[in-house]
Amino acid sequence: MNTPARLGAYLLGLAVLFGGALGAGRAADTAGLTPQATPHTTASPAPGETSVPEGLQVSNNGYTLTPRTTTVEPGQETDFRFTVTGPDGRPVTGYQVQHEKKLHFIVVSRDLGGFWHLHPREAGGGEWSVPLTLPAAGAYRAFADFSPEGGDALTLGVDLLAPGDYRPAALPAASRTTTVDGYTVTLDGDLTPGALSKLTLSVAKDGRPVTDLQPYLGAYGHLVALRDGDLAYLHVHPDGEPGDGRTAAGPGITFYTEVPSRGAYRLFLDFQHGGVVRTASFTVRTGQAAAPASGTGEQAGHGGHGGHAH
Ligand SMILES: [Cu+2]
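What you see is a predicted model; the values in this text were computed from it and never measured.

Time to look at the pairing of strand S6 (residues 121-124). With 3 bridges connecting them, S6 and strand S7 (residues 127-132) associate as antiparallel partners. Bridge pairing links Glu 122 to Trp 128 in S7.

This is how it looks when you write it as structure tokens:
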């Protein structure tokens, strides 16, 4: 066998190995199909393997996000209702709690100018209900981030449209500092495609570091990262939690995430201080790309982060 052919066979072997490892424990996977790899469980797909980020699909793994309507009158509060239908075609009623909630509902404007992190209530029969106001005409994206009982965590996305004239805003320029409500939040760390990236967001008020952040949904901060261009939804894992004996209540909040590609991402940090939850947002461009990953064991070791949301 010549060298390229041998290399090809080796990579193919790796792909099969990875496919098999991911497929284990997912009875619903059809033999022969490559199971979807979430970005945080495998560093990079092996050659020929596709990896679809979360949030881009309205239906995945047999689960479908089903809103009663996707047209919402701008500027008016509506009782927005939806179900998640399961592989059996019926509304899902069993959910695993993650970050203190059974389901997290994120709504953004498609130009990434607006962000709302909501927690719908169960209205019975698998239906979810949440008061929703889309402030202005335009295109929006709603994400349901949940973990069905007996299934893997997943995030489904659907477009919501608010009729009327609108002008999309340009993506804010990349910046390492942002302000919200008198708080200054500073970002340290870089997003590196294909590698686990560590991000630390530090909160200050009136020039002084905030060291008494309050737990919100079991953490000192919640970070949602969306890719500019298609709003791919990235899972972000907080490093440590309140009360674990090693995680300080600020000023720094540390997260790990992995971005699937070069480009710009919009980060939204929810944090709580003085009894109020605020959202700080940043545009971040990826740094130097990592060396092409060959699917070696080093990065497969991050599988320990699998199964968590956010
Ligand atoms: Cu939430």
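Past the structure itself, the notes keep going.
A few words now on the coordination of the copper ion. Protein coordination at the copper ion comes from His 104 (ND1), His 117 (NE2) and His 119 (NE2), with a distance range of 1.8 to 2.0 Å. All donors of the copper ion belong to a single chain; written as a sequence motif, their spacing is H-x12-H-x1-H. A residue is classified by how much of its surface remains accessible, and His 117, at 12% relative accessible area, is buried.

Now for the environment of Leu 267. By the element assignment, Leu 267 lies in strand S18 (residues 264-273). Residue classification places Leu 267 among the buried residues on the basis of a relative accessible area of 1%. Residues Leu 267 and Ser 281, spaced 14 residues apart in sequence, show a C-alpha to C-alpha distance of 5.4 Å. The contact partners of Leu 267, leaving out residues within four places of it in the chain, are Leu 187, Leu 199, Leu 223, Val 224, Ala 225, Ala 280, Ser 281, Phe 282 and Val 284.

As a further point, take the pattern of salt bridges. Summed over the entire model, instances satisfying the criterion amount to 11 salt bridges. A salt bridge links Glu 122 to Lys 102, with the shortest nitrogen-to-oxygen separation between them at 3.1 Å. Here Glu 122, found in strand S6, pairs with Lys 102, found in the loop between strand S3 (78-85) and strand S4 (103-109); they are 20 residues apart in sequence, far enough to count as distant. According to the relative accessible area criterion, Glu 122 is partly exposed, its value standing at 39%. Look at Lys 102 and you get partly exposed, because its relative accessible area is 31%. For Asp 239, the salt bridge is made with Arg 246, and the minimal N-O distance between the two is 3.3 Å. Linked by salt bridges that have partners in common, Arg 68, Asp 79, Arg 81 and Glu 127 make up one network.

What counts, and at which threshold
- Residues numbered from 1 in each chain as written.
- Predicted model: local features only at pLDDT ≥ 70, side-chain atom pairs only at ≥ 80, totals over all residues.
- Heavy atoms only, no water.
- Pairing = 2+ DSSP bridges.
- Helix = DSSP H or I, 4+ residues; strand = E, 2+ residues; numbered from the N terminus.
- Donors = N, O, S within 2.8 Å, 3.2 Å for Na, K, Ca; no water.
- Buried < 20%, exposed > 50% of the residue type's maximum accessible area, 1.4 Å probe, protein only.
- Contact = heavy atoms within 4.5 Å.
- Salt bridge = Lys/Arg side-chain N within 4 Å of Asp/Glu carboxyl O.

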